[in-house]
Amino acid sequence: MSSTRELNEQSNKDSLKTFTFIRLEKLGISPSKGLGQNFLINQSIIDKIIFASEIVPSDTVIEVGPGIGALTRSLVKTGADIKAIEIDKRLASTLKEAIGDPENLEVINCDVLESDINTFTNGKPYKVVANLPYYITSPIIRHFLENDHQPSEMVIMVQLEVAQTIMADPGDMSLLALGVQVFGAVSQVCKVTKGNFFPSPKVDSAVIRIVPYDEPLLRKSERNDFFNLARAGFSQTRKQIHNPLSHALPLEKDDIIDMLEKSDIDPRRRAETLSVEEWMRLFEEYKSRI
Ligand code: SAM
């Protein structure tokens, strides 16, 4: 179709918003709410994501959900090896051609949660850069952070409220915050208001960066026990932590109190107030009792 070149030329001149509308019209589709299709229509947000990702040409980058290619267009310009994983066949099958068939782009049509990261990356180090589908934000983060082949960093767009939850300090901790912070350091790149997407979602968003620790705090073999302990602790929020732990763990109340005291944690504190370091101390004591 001769219009592909015309489209690219036009999209270079026009705004990202125009590119988005033309692509959708060309494909004859409307964005799927069920697949979390809220497309970025402001290039300056994309520039911020690219800048924060510090991509060099020797990098391998996994983009989750390239959609119609708003972010992908800029990712390929970095010269890095881009692997774009898109579940929507209508978008995946036309993406490469739509953005000028770049050599350094591979589009993979599958569910990211079913994807074998090692195969896509040939076991090489990689980054994840994405505007995530919000309905599966946590499973996607876990899919990468709990993977044997972890990314060197993730720069991802998530709902603002989720970003704030993930970045929480002791006092506002949750299972989600602990589940991310035990794997790596989290920081905010920028806030993104809802008007920067088409269609506009109900809530604002934020780009966050997660950098996994060089030395993991937990061995893979310890993760189940650690998260059993954490789930137990957070099972009754706003209660003194000895209560939910005694309720949910197969240990005597005295043992729970002793475990907390030996970890230098006042049993009357609430789970939300514990730092990652305190959870790790508590886990050391817990391990010797199971
Ligand atoms: N990257 C594009 C952008 O910024 O405009 C689109 C982002 S949109 C928020 C999320 C994308 O993820 C959609 O293209 C959607 O089809 C795709 N997606 C949804 N669920 C997915 C899954 N399980 N695996 C891979 N892609 C998925």
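Structural notes, computed from the coordinates. (Residues numbered from 1 in each chain as written. Predicted model: local features only at pLDDT ≥ 70, side-chain atom pairs only at ≥ 80, totals over all residues. Heavy atoms only, no water.)

**Here we look at the site of the ligand**
Link 1 in the chain: Close to the ligand lie 23 residues, the nearest being Gly-65, Glu-86, Asp-111, Asn-131 and Tyr-135.
Link 2 in the chain: Interatomic distance of 3.3 Å between a backbone N/O atom of Ile-87 and a nitrogen atom of the ligand.
Link 3 in the chain: In this structure, Val-112 approaches the ligand through a main-chain N or O atom, which is 3.0 Å from a nitrogen atom.
Link 4 in the chain: Of the pockets mapped on this structure, the ligand occupies the largest cavity.
Link 5 in the chain: Grouping the amino acids of the shell around the ligand by side-chain chemistry returns 13 nonpolar, six polar and four charged. (Near = heavy atom within 4 Å. Polar contact = N/O pair within 3.5 Å; in protein donor to acceptor, adjacent residues only side chain to side chain. 1 Å grid on protein atoms, 1.4 Å probe; cavity = no way out; pocket = protein on both sides within 12 Å on 5 of 7 lines; lining within 4 Å. Sits in = over half its atoms within 2 Å of the grid points. Nonpolar A, V, L, I, M, F, W, Y, C, P; charged D, E, K, R; others polar.)

**Observations concerning the pattern of salt bridges**
Close approach of charged atoms allows side chains of opposite charge to pair.
Link 1 in the chain: With the rule as written, the count across this model stands at 19 salt bridges.
Link 2 in the chain: Here Glu-146 and Arg-142 are joined by a salt bridge, their closest N and O atoms 3.0 Å apart.
Link 3 in the chain: We note a salt bridge from Arg-289 to Asp-255, for which the minimum N-O separation is 3.0 Å. One end of the pair, Arg-289, is in the segment after α13 (276–287); the other, Asp-255, is in helix α12 (residues 253–262), and 34 residues separate them in sequence.
Link 4 in the chain: Taken together, the shared-partner salt bridges in this structure form one network comprising Glu-54, Asp-59, Lys-127, Glu-153 and Arg-209. (Salt bridge = Lys/Arg side-chain N within 4 Å of Asp/Glu carboxyl O. Helix = DSSP H or I, 4+ residues; strand = E, 2+ residues; numbered from the N terminus.)

**What about the nonpolar core?**
Link 1 in the chain: Among the nonpolar cores identified, the biggest contains 56 residues, and Phe-144, Ile-156, Leu-245 and Trp-279 are the most heavily contacted of them.
Link 2 in the chain: At six residues, the largest contribution of residues to this core is made by α13.
Link 3 in the chain: The residues contacting Trp-279, other than those within four sequence positions of it, are Leu-178, Phe-226, Leu-229, Ala-230, Gly-233, Phe-234, Ile-241, Ala-271 and Leu-274.
Link 4 in the chain: In this structure, Phe-19, Leu-71, Leu-75 and Val-155 belong to the second largest nonpolar core, which totals 28 residues. (Core = buried A, V, L, I, M, F, W, Y, C linked by side-chain atoms within 4.5 Å. Buried < 20%, exposed > 50% of the residue type's maximum accessible area, 1.4 Å probe, protein only. Contact = heavy atoms within 4.5 Å.)

**Side note on the packing of helix α10 (residues 223–233) against α13**
In helix packing, the relevant descriptors are the interaxial angle and the interaxial distance, both defined with respect to the helix axes.
Link 1 in the chain: Between α10 and α13, whose axes approach to 10 Å, the crossing angle comes to 115 degrees. As far as their axial angle goes, α13 and α10 are roughly perpendicular. Here the hand of the crossing between α10 and α13 comes out right-handed. Between α10 and α13, the residues in contact are Asp-225, Phe-226, Asn-228, Leu-229, Ala-230 and Gly-233 and Trp-279, Met-280, Leu-282, Phe-283 and Tyr-286, respectively.
Link 2 in the chain: Counted by class, the contact of α10 with α13 contains eight nonpolar, two polar and one charged residues. (Axes fitted to C-alpha atoms, helices over the stretch in contact; angles between N-to-C directions. Parallel < 35°, antiparallel > 145°, perpendicular 65-115°, else oblique. Left-handed = near helix turned anticlockwise from the far one by under 90°.)

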